[in-house]
Every structure is written in structure tokens, then in C-alpha cells.
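Breakdown of the fold
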Amino acid sequence: MMTPPKGLDAQNVLADADLCVKCGLCLPQCPTYGLTQNEADSPRGRIAQVQGLYSGLISRGAGVASHLDGCLSCRRCEVVCPANVPYSRILDAGRARLAEGQPARTRTTRVLAFFLISPAGRLFTRLFLSVYRRSGLQFLLRKSRLLGRGRLARLESLLPRIQRWPAGKVLETDERVSSPKRQRIGLFRGCVSSLLEQDSITAMERLLNAAGYQAVAVSAQTCCGALHQHSGLLEPAKRLARINVSAFAGLDGIASGTSGCAASLRDYADLLPAEGAVFAARVKDFSQWILPKADALQFHALPLRAALHVPCTARNVLGSDGALRQLLERIPQLELLELDAAQSCCGAAGSHFLSHPEQADRLLAPKLKTIASLRPDIVISANIGCSMHLAAGLVRTNSLEEVPPVLHPAQVLAAALCASVSRS
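What comes next concerns the included structure.

Conventions adopted
By convention here, each chain's residues receive numbers from 1 onward along its written sequence. With the structure being a predicted model, the display of local features is reserved for residues of pLDDT at least 70 and the display and counting of side-chain atom pairs for 80 or more, all residues being used for whole-chain, interface and lining totals. Heavy atoms from the whole structure form the basis of all side-chain values; hydrogens and water molecules are not counted. Axis definition: a line fit to C-alpha positions, over the contact stretch in the case of helices; interaxial angles, taken between N-to-C directions, run 0 to 180 degrees. Numbered from the N terminus, helices here are DSSP runs of H or I no shorter than four residues, and strands are runs of E no shorter than two. These descriptions rest on fixed angle ranges, namely under 35 degrees for roughly parallel, over 145 for roughly antiparallel, 65 to 115 for roughly perpendicular, and the rest for oblique. Should the near helix be turned anticlockwise from the far one by less than a right angle, the crossing is left-handed, and should it be turned clockwise, the crossing is right-handed. Here, residues are in contact when the closest pair of their heavy atoms is within 4.5 Å. Think of a salt bridge as a Lys or Arg side-chain nitrogen and an Asp or Glu carboxyl oxygen that are within 4 Å of each other. Partly exposed describes any residue whose relative accessible area lies between the buried limit of under 20% and the exposed limit of over 50%, with all areas from a 1.4 Å probe on protein chains only and scaled to the type maximum.

**Here we look at the packing of helix H20 (residues 321–328) against helix H24 (residues 409–416)**
Across the interface, H20 lies against H24 with an axial gap of 10 Å and an inter-helix angle of 25°. Compared by their axis directions, H20 and H24 come out roughly parallel. Here H20 and H24 pass one another in a crossing that is left-handed. Across the interface between the two elements, Leu324, Leu327 and Leu328 of H20 pack against Pro409, Val412 and Leu413 of H24.

Structure follows, in C-alpha cells:
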């Protein structure tokens, strides 16, 4: 028998894994098991592999790594689990075990982190995106199909175009005045969202202020840590978590417009048991903050057909899908179309659509087919990874003129928000 790992508390990991009674109720819910029909690609199969890693019964090999890395972390299994098994926590521990002493395994994560999190990397990324998208080079490359259909073309398709979508009239000064009675809600921007979805962040600020909150821009915040956490780099994830816990201290709540980030912020209760639990309890999707005060908002008509994509984290972790639907249904003449009645995963799953493109595309294909049949004016998604994956799939399978814009729900709501709102 091999020596058990030393990095994490093996006893706690095994205690979590022992909660699984291997009943199999998770099997029909698991997207990857649905694709492969391989027990090693199911939640209970992956839990068994993590048990083997932490008990010393199996070694770290390419086979185990491929099965654990293939998980989408959609967490649908957790919703149906009768034993409340903390599957996501077990999976993260398994990946952490695989990463111990294996720097090559996390090289891609560290490169992405540089360009998305470090000040120098973010500055370069922001400048590159601005020049590439605004110079017309992006349009010309896509129109000419010069990049072909290879890996480079796929990566380029993930860069969103500049959307010419109305932001709505900016609120007047007196509608934004701070008040001691207003709850102060910190806006979590997210590292990717703040680079690619700045309009949605502005829209959330506008909606929160209009609903009667005081939206607070928190400059000291950083990445949620999901990239590191789900790659097995738990210590860097904890460092990022501590920065955010400190940055958002003293606020009444935290609003996120990216469901994947919000799910990771909720996980601070596990990453930092002492201070993380208090922080996590204040995290909600922006729609969950706005819905209770939605009567203060007035919307004008948007005569559009909108295909709604519900991210896995919104449904399975935050439970915010209902609030989002109810808000969008308040917009007159906006026809909400069901993109996927089964609510299956689109395959984006954080960075999964980069590391496992073939699997991600297989999961995305039914949604693209539905969009083609529905022919919506817009597609709505509340998670940046899902939005990028959907938009890229549309670009690769259609001409530029036929691609409906993929918008954040806050953009749609803010565009329909009347300038005159009640100040409750």
C-alpha cells in the first residue's frame, strides 16, 4: 500500500467521501456519464477514485486524472443526492492530490491566472482586446475565414464581439444619492467579466440603485479563485479568498452577475471556515437582490424573442434561476423561449471548454440546434463562460449576419428600465 497524501487532511476528505452510499441516483443527472456511459466518469465513480487516492490504494496516473479532470463541476449530482454528499469539495480535494509536486499539471492555470489576475497581465489583455476588437481586425478575420477551422480559429471565436446594445438612460443624480437607510451592496466584477462584460456590470449597478440599494464599487477585490480551486491549487485559491473577504468587509451584501463566480464565493465557507462562512452568507446573484424590490422598477416594452440559457451554477448552487425568470417576465413584449427543457450543461464549465473542447462541443451542440430552430433575436446567459461558449459556437456554425447577440440578463433589464423609478 502506498503512503497516503500529506497536503490535505486525508481523514476529512475520506469522511466526506464515505457519505456516498453509491446509490446511483446521480448517474442520470451527470452530463459526462451520459456521454461516456463509463462509471469512472460518474459522480460516484469519481468519489471512489478520490477515496483510492487518499487511502493510498491507487496511484496518481493519467487514467485517474482524465476522469477527475473530465468533470464539469455542474453540481447537479449534489441537488439529487439523498445523503448530501459534498461532491464538489471532494473533487477539488482529488485534483489537489493530483497537483501535488506536479507543476506541469497546473501550468495552463498559472498562465491564464497571469493574464486574468496580475495587474501587468490584465493591462496587456485589456489593451490587446481593445485593439483587436475595435480596429476591425476581428471582423476581417472572421469574415474572410482566414484562420480556417483549426485550434487557432476556435480560440479566436471565444473572443466576443463588441455588442451594440442599448444600455438605457443613465439614472439621474438624485436617484443615486446615498442614504443611511439603503443597504450597501458590493458588486463583484469577476476577472473575465470585467474584461469582457463591462456593460453588464454597469447595468447591474444601475438596476441595484434603481431598486433602492446603494451599489458599491469595491476596488480592492480580486478573482474569485475558481480557476485555482478547480485545478487543485487550493492555497492560491485561499489567498484570493482572503483578499475578497477583506475587500467586501462592512457591506450589507455582495451581488454577482456571474453565477460561476458566485458559486465559488459561496465555497469560501469551505476554503476559509472561520471568516469565509460569514462572507458566503452575504453572496447572492444580482437577480436575487433585485426581485424582492422589483415593484420599485418600471420597464418599457422590448418586442423581442429571447432564448434563455440557465447556467448550471445558477440552478444547482445559487437557486437564482427562478428570480431571473421572474424579472425578465416583467418586461412587456419580451418573449422568453426555452433553450433547453432538460436544463443540461452547455459544456463551458469554467475553463473546461478550453481544456476539453471536443466534449464541450458535444454538450453544446443540442443548444446550438435549438437556437437555429427558434431563431431568437437575442440569447440570454448569466454566466460569462457559458456566454463565451455559446457565442463562439454560433460564430463557428453561422455567418456573421445570422448570429444573435449573447447578452447578460442585466443588459436586457437595464435597457428596458424606465428612467422614472420609485425611490422606496
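From this point, things continue past the structure.
**Regarding the pattern of salt bridges**
Summed over the entire model, instances satisfying the criterion amount to 14 salt bridges. Measuring nitrogen to oxygen at the nearest pair gives 3.1 Å for the salt bridge that ties glutamate 338 to arginine 325. A residue pair is termed long-range when its members are at least 10 positions apart, and glutamate 338 in strand E6 (residues 334–338) and arginine 325 in helix H20 qualify at 13 residues. When its relative accessible area of 22% is taken as the criterion, arginine 325 is described as partly exposed. In this structure, aspartate 361 and arginine 396 form a salt bridge, with 3.3 Å as the shortest nitrogen-oxygen distance. In this pair, aspartate 361 is assigned in helix H22 (residues 357–374) and arginine 396 in helix H23 (residues 384–397), connecting sequence segments 35 residues apart. It is possible to trace a salt-bridge network through shared partners that takes in Asp16, Arg89 and Asp270.

**Overview of unusual backbone geometry**
One non-glycine residue, arginine 75, lies in positive phi territory at about 65°. With respect to the element layout, arginine 75 can be found in the loop between helix H4 (62–69) and helix H5 (76–80). Exposure remark for arginine 75: the relative accessible area of 13% places this residue in the buried category. Despite not being glycine, arginine 375 shows a phi value in the positive range, around 50°.

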